[in-house]
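Okay, here's what each chain looks like letter by letter:
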Amino acid sequence: MDISKNFFELFELVPGFDLNTQQLSERYRELQREYHPDRHAHKGERDQRLAVQATTHLNEAFETLKQPLKRAQYLLKLRGVETGEEARQQLPGAFLMQQMELREALVEAGEAGDPFAELEELEQQARALETQEYSQFNAALAADDLETAEVAIRKLQFVNKLLHEIEAAEDRLDEEY
Amino acid sequence: MALLQIAEPGLSLDPHQRKLAVGIDLGTTNSLVASVRNGVAETLDDEQGAHILPSIVHYAEGKKPLVGAKAAQHATQDPYNTIASIKRLMGRSAADALQLGEHLPYKFVESDTAMPYLRTAAGDLSPVQISADILKSLVARAEASLGGELEGAVITVPAYFDDAQRQATKDAAQIAGVNVLRLLNEPTAAAVAYGLDQQDKGVVAVYDLGGGTFDISILRLTQGVFEVLATGGDSALGGDDFDHALAQWLMEQAGDQVFDASSSRELLGISRYAKEQLTERVELEVALPGGDTTLTVTREQFDALCKPLVSKTIRACKRALKDAGVALDEIQDVVMVGGSTRVPLVQSSVGEFFKREPHIDIDPDRVVAIGAAIQADILAGNKPDSELLLLDVLPLSLGLETMGGLVEKVIHRNTSIPVARAQEFTTYQDGQTAMLVHVLQGERELVDHCRSLARFELRGIPPMAAGAAHIRVTFQVDADGLLNVAAKELSTGVESAIQVKPSYGLSDSEITRMLQESYSNAADDREARSLREQQVEADRLVSALRNAIAEDGELLSAQELKDLNIEIDVLEKLAQGSSVAAIEAGVEHLAQVSDFFASRRMDRSIQTALQGQSVDIFDPVSNNRSEKEKG
């Protein structure tokens, strides 16, 4: 496997946020058929090691392109912008205020009369925010406005974390009920 | 002109050597071995025609361990030397084992080793060694049945097994001398056995409730490719717990009757029997050990006892669906695996939850071994054109301990394997030169709530201000789901790598020692084999000489004939004994004293040959000797 190719090239896809997910999955399976260690299990140790390396790379690539946030981050990375944990772009105060409020609501949801309904409501708000920021990102990337695109990703990281926390809260409730 | 080679009809010059590979289901309660023969995957039976090998081992001093039904017979009289459900202790720490073993009559060795050891008449044994004895028995059955040495085996593990449990299983295989082609998740094996890959595409749920473990897997299939989307479960929940719940209830009903190890074991057996009966009947009478008390158990009562356990499995199904990102109505098929899915409450609860009649057409006890055999056949290289491919996931998140006893996840659960991830960490104090890397597995946030897999130290970090060092820790999980960890300080290149050996797993030196022990146990087998070999050798010589006498007896004088017959009788007697050395010496001696007879026969043969007559010049005696000289 040519690991110098970028992930879009590996899957023979046009680089971009909007993706043909069908083609992504099909090509993934095709490549797995070729490289998976099970396909090389009866061969020598070297072939097996290479197979593990190749599929490790393939899984990484698939995961990156499949998940919208990772895909967005990867698109920026291809343009030389790393969006790791460290904040580079200052986020607007209004956004941060809103995040704090949502988090407070999450804590309070646990004590509400119908916690499941409260969590559902919160999740919908977060999803709406998510959709909005993805389209912001997509537009900014198309206009080559990398700064705006990066701000969108920073916001999406917050929203993503919030969504995980909502899910974790739901799991905890499930255990209790 | 080159000569063309023509093979004997029916024999090809370069016979396509089919490699012998098996699938092994190493279960909590029962184990099975299966193989693909003539294109059909089937479980292999023993001499008595039994396919299921109860996962029970009986140890006695100075004797080879008994495995299976023969071992089970000792369960009541000799409970501490009759080990059942050992899979529950695989990859567990001594502390876990004490808790898990509470219900079972195990005698743990009191020591400070992290790995639990059980005291038996054959010495102190780890769960890994006991599992190895079960594996050996299965491999011996397979080799006898298939007629040759195995190339390797696919051994199944519950999908929800963590790294320590997988590693322990692989260690057991190593001690048993089995080449592991792959550790395969049980639900995935079941999906393969059902031939669901014959369908074009669809999403399948596999509900696997065995004796001691529960797994739920959601798989997507597309033209022969099985993609595990999510897996979940409980590696300490199974049909055994149903037995315990019922036994507990029976004990309560029995009032002040006291139960010791032997009668508790008997009560468990009674409970299991009652559970099995209640799959068909709605109530039955059970007599408690001692025979004084008889109680009625209804299915309703049994269901009430099991309800909390079954509900737990349904909750895990819900979570797996969510993790897979699949809606309930997308599930096309539900496959039931494991003997415990025979319980009516389980079938109805699963059917209700998935709103679908679950598949139960393949014997739920055999389905996993059959799937593993199909995969083993492919991995051994016997089916190069097969479309089948299994893409599995990591069942439980892997992470590292950070400040404050928190776990930072490095690889999340349900990530496709093989996978590698790196995470960077930094120092906490100025001038810090060493760092403890503590690897954990589990979903919880606190170190104490996760399974500790390994600890290792990265030393020689140059003194820097707190936060200046960059330590990259890389996790690599292979296709068996086993983890390797490496750590590196980036500014200096100080490196440290370990094969993750769980904190309470076996060290390499322990495995080596156990391997040696198993060789010395094998010495008995070797002794028996060389005895048989010598006996065959002696028989061959005796009958060859008698044939020669019958043919060419006139070459001997009456005295010579008498002496030779006596010598032959001596060896024949000797061969019925059990001394390898004595038989060997006897063979040697008889060959020597009959040498003159062989030469006379040879001379005559040559003369006859020179006269142009066709004779059989085969001389068994000298033939036998030349073989010996070669050896």
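In what follows, the structure referred to is the one given above.
So, here's what we can say about the structure. Just so it is clear, the structure is predicted and the values come from calculations on it, not from any experiment.

## As for the interface of chain B and chain A
Contact residues are listed per partner, giving 28 residues for chain B and 24 residues for chain A. Taken together, the two surfaces of chain B and chain A that pack against each other cover about 2200 Å², and 45% of this comes from carbon and sulfur. Area buried by chain B at its contact with chain A is led by B:Lys322, B:Leu389 and B:Pro418, which between them contribute 23% of it. Across the pair A:Arg29 and B:Glu227 runs a salt bridge, and its minimum N-O distance is 3.4 Å. Where chain B touches chain A, the interface holds twelve residue pairs in polar contact (both at pLDDT 80 or more). Within the residue set of the side of chain B that touches chain A, elements represented by two or more residues are β14 (225-234), α8 (299-324), α10 (367-379), β18 (389-391) and β21 (419-425) of chain B. In terms of residue class, the side of chain B that touches chain A is made up of 13 nonpolar, eight polar and seven charged.

## A few points about the nonpolar core
All names here are of chain B. The biggest cluster of nonpolar side chains holds 47 residues, and the ones touching the most others in it are Ile216, Ile218 and Phe354. Sort the elements by how many residues they give to this core and α8 lands first, with ten residues. Other than its neighbours up to four places away in sequence, Phe354 contacts Ala205, Ile216, Cys317, Leu321, Leu328, Ile331 and Val334. Of all hydrophobic cores here, the second largest spans 43 residues; its members include Ile83, Ile130, Leu135 and Val180.

## A closer look at a negative patch on the surface
All names here are of chain A. Side chains of Glu101, Glu104, Glu108, Glu111, Asp114, Glu118, Glu120 and Glu121 sit close together on the surface and give a patch of like negative charge. When residues of the negative patch are traced back to their parent elements, those giving at least two are α5 (93-109) and α6 (115-142). Turning to its location among the elements, Glu101 is positioned in helix α5.

## Comments concerning the pattern of salt bridges
All names here are of chain B. All chains considered together, the criterion is met by 39 salt bridges over all chains. The partner of Glu186 in a salt bridge is Lys87, with the nearest N and O atoms 3.0 Å apart. With Glu186 in helix α5 (residues 186-193) and Lys87 in the loop between β7 (82-84) and α2 (94-100), this residue pair connects regions lying 99 residues apart in the sequence. We note that Glu186, like Lys87, is buried. The salt bridge involving Lys170 is made with Asp480; its shortest N-O contact spans 3.2 Å. Of the two residues, Lys170 sits in helix α4 (residues 163-176) while Asp480 sits in the loop between β24 (471-477) and β25 (483-489), which places them 310 residues apart along the sequence. Using a relative accessible area of 5% as the deciding quantity, one classes Asp480 as buried.

## Observations concerning the environment of A:Phe8
Residues and elements named next belong to chain A. Note that Phe8 resides in helix α1 (residues 7-10). A C-alpha to C-alpha distance of 10 Å links Phe8 and Thr64, two positions 56 residues apart in sequence. Contact partners of Phe8, with chain neighbours within four places excluded, come to Leu13, Val14, Pro15, Gly16, Leu19, Leu65, Arg71, Tyr74, Leu75 and Leu78.

## Focus on the packing of α8(B) against helix α9 (residues 344-354) of chain B
The angle between the axes and the distance between the axes are what describe a pair of packed helices. Residue and element names in this part refer to chain B. As a packed pair, α8 and α9 sit with axes 9 Å apart at the nearest point and diverge in direction by 35°. Crossing of α8 over α9 shows right-handed handedness. Between α8 and α9, the residues in contact are Arg299, Asp303, Cys306, Lys307, Val310, Ile314, Cys317, Lys318 and Leu321 and Pro344, Leu345, Val346, Ser349, Val350, Phe353 and Phe354, respectively. Broken down by class, the residue content of the contact of α8 with α9 amounts to eleven nonpolar, one polar and four charged.

## Things to note about the sheet that holds β14(B)
Residues and elements named next belong to chain B. The five strands are arranged β17-β12-β13-β14-β18 in an open sheet whose pairing can be described as mixed. Two strands bound the open sheet, and with one partner strand each, they are β17 (331-337) and β18. Shown here is a sheet whose adjacent strand axes are inclined to one another by a mean of 25°, direction ignored. Taken together, the nine bridges between strand β12 (residues 201-209) and strand β13 (residues 214-222) define a ladder with antiparallel strand orientation. Directly across from Asp208, in β13, lies its bridge partner Asp215.

Rules used in this analysis
- Residues numbered from 1 in each chain as written.
- Chains lettered and ligands numbered in written order.
- Predicted model: local features only at pLDDT ≥ 70, side-chain atom pairs only at ≥ 80, totals over all residues.
- Heavy atoms only, no water.
- Contact = heavy atoms within 4.5 Å.
- Buried area = accessible area lost by both parts, 1.4 Å probe.
- Salt bridge = Lys/Arg side-chain N within 4 Å of Asp/Glu carboxyl O.
- Polar contact = N/O pair within 3.5 Å; in protein donor to acceptor, adjacent residues only side chain to side chain.
- Helix = DSSP H or I, 4+ residues; strand = E, 2+ residues; numbered from the N terminus.
- Nonpolar A, V, L, I, M, F, W, Y, C, P; charged D, E, K, R; others polar.
- Core = buried A, V, L, I, M, F, W, Y, C linked by side-chain atoms within 4.5 Å.
- Buried < 20%, exposed > 50% of the residue type's maximum accessible area, 1.4 Å probe, protein only.
- Patch = residues over 30% accessible without salt bridge, like charges linked within 9 Å, V, L, I, M, F, W, Y side chains within 5 Å.
- Areas by Shrake-Rupley, 256 points an atom, 1.4 Å probe, with all protein chains shown as cover.
- Lys, Arg positive; Asp, Glu negative; His and termini not counted.
- Charge placed at Lys NZ, Arg CZ, Asp CG, Glu CD.
- Axes fitted to C-alpha atoms, helices over the stretch in contact; angles between N-to-C directions.
- Left-handed = near helix turned anticlockwise from the far one by under 90°.
- Pairing = 2+ DSSP bridges.

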